[in-house]
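What follows is the residue order along each chain.
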Amino acid sequence: MRTLASRFIVLVLCIAIVLSALAYGTVHYWSLALFELGACGVVLLWAVDAWRSRTLRISRSILQVPLIGLLLLGLVQLLPLRSPTGAGVLSSLPVSSLSLDPYSTRLALVSIVALVIYFAAALAFIDSPKRLRLIVRIVTVFGFLLALLGIIQNFTSPNKIFWLKELPQSLPFGPFYNRHHFAGYMELTLALPLGLLVSGAIESDKRPLYIFAVAMMGIALIMTGSRGGMISLVAEVVFLIAFARFRRNDEAQHDVEKSSRARSALTRVGLALALILVLVGGAVFFGGEAALSRLVGTVNSDDPTTGRAHFWSVTLDIIRAHPVVGTGLGSYGLAYTQFDSRNGEFRLEQAHNDYLQVMSDAGIIGVGLGLFFIVVLFRKGFARRETDDLFRRGVATGAMAGCFAVLVHSLFDFTLHTTANALLFLTVAALATINGRVEQASKSHRRRHRHRKLIKQPDFSGARDGAGVPSSQSR
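Just so you know, these numbers come straight off a predicted model, no measurement behind them.

### Points about the overall build of the protein chain
Step number 1: Looking only at helices and strands, the protein chain features 18 helices and 2 strands.
Step number 2: Counting the 475 residues in the protein chain, one finds 49% classified as buried.
Step number 3: In the protein chain, the proportion of contacts linking residues at least 24 apart, taken out of those at least 6 apart, comes to 76%.
Step number 4: Of the accessible surface of the protein chain, which amounts to about 23,800 Å², a share of 64% is contributed by carbon and sulfur atoms.

Following this line, the structure appears as structure tokens:
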């Protein structure tokens, strides 16, 4: 039974995906507050759905376990278990919690709780092929429109967001303060339509529209000038070409020779190279040579995202000092100042490497939870791909490719520390791993089902009286 409340939950999830990106990626307190209020609304609707349907819908997906574990770790970090002796003589309120910055840890916990609510709702309420297609179409259409916004804005007003908000100390793109975060968002949005195209799940008359949407999103990504984004785009295309399954019947699979397999591999490589060349050519056509200058040229010393080697070396010092539970979720900015060897030359809030920052903030325990999430994600994603439903297969393949691209990008930037990117990443992870409820029955299965229904239907054609009522009832 699908209640009206469950439909509103899916609607709130769609609205959150759109508005979290448009609200500058949801990095300000006001946008975070609205984002978290939306999560509270989902909880209330969830309760109404349970009351109306007499069933509390909770997904059993094990992907939720590491996120809950991260919440528990954050709560432990707030406990007063640290000795305050090393707080310093100038500190009137020495920090006794395991977190060096309890205030930031509390804020991080609230944001993580909201993300977990949206993720759990996606796993529980995207429970039909219709809802799966709705989410995929919204992500695809919104990604295409966001790409157009970014390209047009880059031509007309490259230093302003929405042609109004000027950012003299950063390089924005689209509605994002950081162009690297826009590139990460595009990696996720273009993955779904690209996965559907490669898997052959799109009708021939609709393919040009999907190809055009993918091209626009890929061109916008390249025009950001994000080297991490370009590398991740290549990784995404390689992943899709390597793992996309082309339809062959079982007999043909057994009779395929090594030469034909080699030709198939070469064909996939050729498709990957052709796609990359088309995207690069489109980016150069729209944005000129400057679109690729950051990838092949000399790094600009004025770029605030350079100097990663120094950032990472300081982060390693933090990790060595707090190896088990870390310095506290969200406390990296404060911890960095204590270990920076350049006496405050840089004021840094993020490590520009999500993996190092997770280990700095959450220690070995946090890294273990993250690795568990990644392994389960791809293991379940590959299992969900084994289906006769082409659309489901394409979504699973594309979703895994998008997640893989973001995980590669996380080696160079902190895209997942932006709320909009984290929400879309978790939503795409949910699309990759949702169970068979969202699969469309195969044609042969539907034919057998209809045949059984026809057999079970009673036949009164030869047993009716003049009034058209079965003779057994007329008696």
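### As for the nonpolar core
Step number 1: Membership of the largest hydrophobic core comes to 100 residues, with the highest contact counts inside it found for Phe 119, Ile 126, Leu 146, Tyr 185, Leu 377 and Phe 425.
Step number 2: Here this core takes 15 residues from helix α4 (residues 102-125), the largest share from any one element.
Step number 3: Judged by nonpolar contacts, the second largest core, of 9 residues, contains Phe 311, Ile 318, Tyr 332 and Tyr 336.

### What about the side chain of Thr 415?
Step number 1: You can see Thr 415 is positioned in the loop between α15 (390-409) and α16 (419-433).
Step number 2: Its relative accessible area of 1% is what places Thr 415 among the buried residues.
Step number 3: Every residue in contact with Thr 415, bar those within four places of it in the chain, is listed here: His 180, His 181, Gly 184, Asp 354, Val 406, His 409, Ser 410 and Asn 421.

### Quick word on unusual backbone geometry
Glycine aside, negative phi is the norm for most residues, and most peptide bonds take the trans geometry.
Step number 1: One non-glycine residue, Thr 26, adopts positive backbone phi at about 60 degrees.
Step number 2: Note on Thr 26: relative accessible area 2%, which makes it buried.

### With respect to the packing of aromatic side chains
Step number 1: Across all of its chains, the model carries 19 aromatic pairs by this definition.
Step number 2: One aromatic cluster is present, formed by Phe 142, Phe 173, Phe 176, Phe 182 and Tyr 185 through successive ring pairs.
Step number 3: Its end group placed over the ring of Phe 391, Arg 133 keeps NZ or CZ at 4.0 Å from the ring centre.
Step number 4: When the ring centre of Tyr 24 is taken as reference, the NZ or CZ atom of Lys 165 above it lies at 6.0 Å.

### Topic: the packing of helix α6 (residues 179-198) against helix α7 (residues 207-223)
Step number 1: Packing of α6 against α7 brings their axes to within 9 Å, and their N-to-C directions diverge by 160 degrees. Looking at the two axes, α6 sits roughly antiparallel to α7. At the point where α6 passes α7, the crossing takes the left-handed sense. Listed contacts from α7 to Phe 182, Ala 183, Met 186, Glu 187, Thr 189, Leu 190, Pro 193, Leu 194, Leu 196 and Leu 197 of α6 are Arg 207, Tyr 210, Ile 211, Val 214, Met 217, Gly 218, Ala 220 and Leu 221.
Step number 2: The residue makeup of the contact of α6 with α7, split by class, is 14 nonpolar, 2 polar and 2 charged.

### Side note on the pattern of salt bridges
Step number 1: Under the counting rule described, the total for this entry stands at 5 salt bridges.
Step number 2: With its nearest N and O atoms 3.2 Å apart, the salt bridge here joins Asp 127 to Arg 131. Note on accessibility: Asp 127 and Arg 131 belong to one class, buried.
Step number 3: The salt bridge partner of Asp 317 is Arg 320, with a shortest N-O separation of 2.3 Å. Placement of both Asp 317 and Arg 320 in helix α12 (residues 308-321) is noted, with a separation of 3 residues, approximately one turn of the helix.
Step number 4: In this structure Asp 317 comes out as partly exposed when scored by relative accessible area, which is 31%.
Step number 5: Taking the relative accessible area as the measure of exposure, Arg 320 reaches 58% and is therefore exposed.
Step number 6: Members of the salt-bridge network, linked through shared partners, are Arg 2, Asp 49, Arg 57, Asp 127 and Arg 131.

### Examining the side chain of Arg 392
Step number 1: By the element assignment, Arg 392 lies in helix α15.
Step number 2: Of the side chains with opposite charge, Glu 439 comes closest to the buried, unpaired Arg 392, at an N-O distance of 4.5 Å.
Step number 3: Among all residues touching Arg 392, those that are not within four sequence positions of it are Leu 132, Arg 384, Thr 387, Leu 431, Ala 432, Thr 433, Ile 434, Val 438 and Glu 439.

The rules behind these values
Residues numbered from 1 in each chain as written. Predicted model: local features only at pLDDT ≥ 70, side-chain atom pairs only at ≥ 80, totals over all residues. Heavy atoms only, no water. Helix = DSSP H or I, 4+ residues; strand = E, 2+ residues; numbered from the N terminus. Buried < 20%, exposed > 50% of the residue type's maximum accessible area, 1.4 Å probe, protein only. Contact = heavy atoms within 4.5 Å. Areas by Shrake-Rupley, 256 points an atom, 1.4 Å probe, with all protein chains shown as cover. Core = buried A, V, L, I, M, F, W, Y, C linked by side-chain atoms within 4.5 Å. Phe/Tyr/Trp six-rings, centres within 6.5 Å; stacked < 30°, edge-to-face > 60°. Lys NZ or Arg CZ within 6 Å of the ring centre and 35° of its normal. Axes fitted to C-alpha atoms, helices over the stretch in contact; angles between N-to-C directions. Parallel < 35°, antiparallel > 145°, perpendicular 65-115°, else oblique. Left-handed = near helix turned anticlockwise from the far one by under 90°. Nonpolar A, V, L, I, M, F, W, Y, C, P; charged D, E, K, R; others polar. Salt bridge = Lys/Arg side-chain N within 4 Å of Asp/Glu carboxyl O. Lys, Arg positive; Asp, Glu negative; His and termini not counted.

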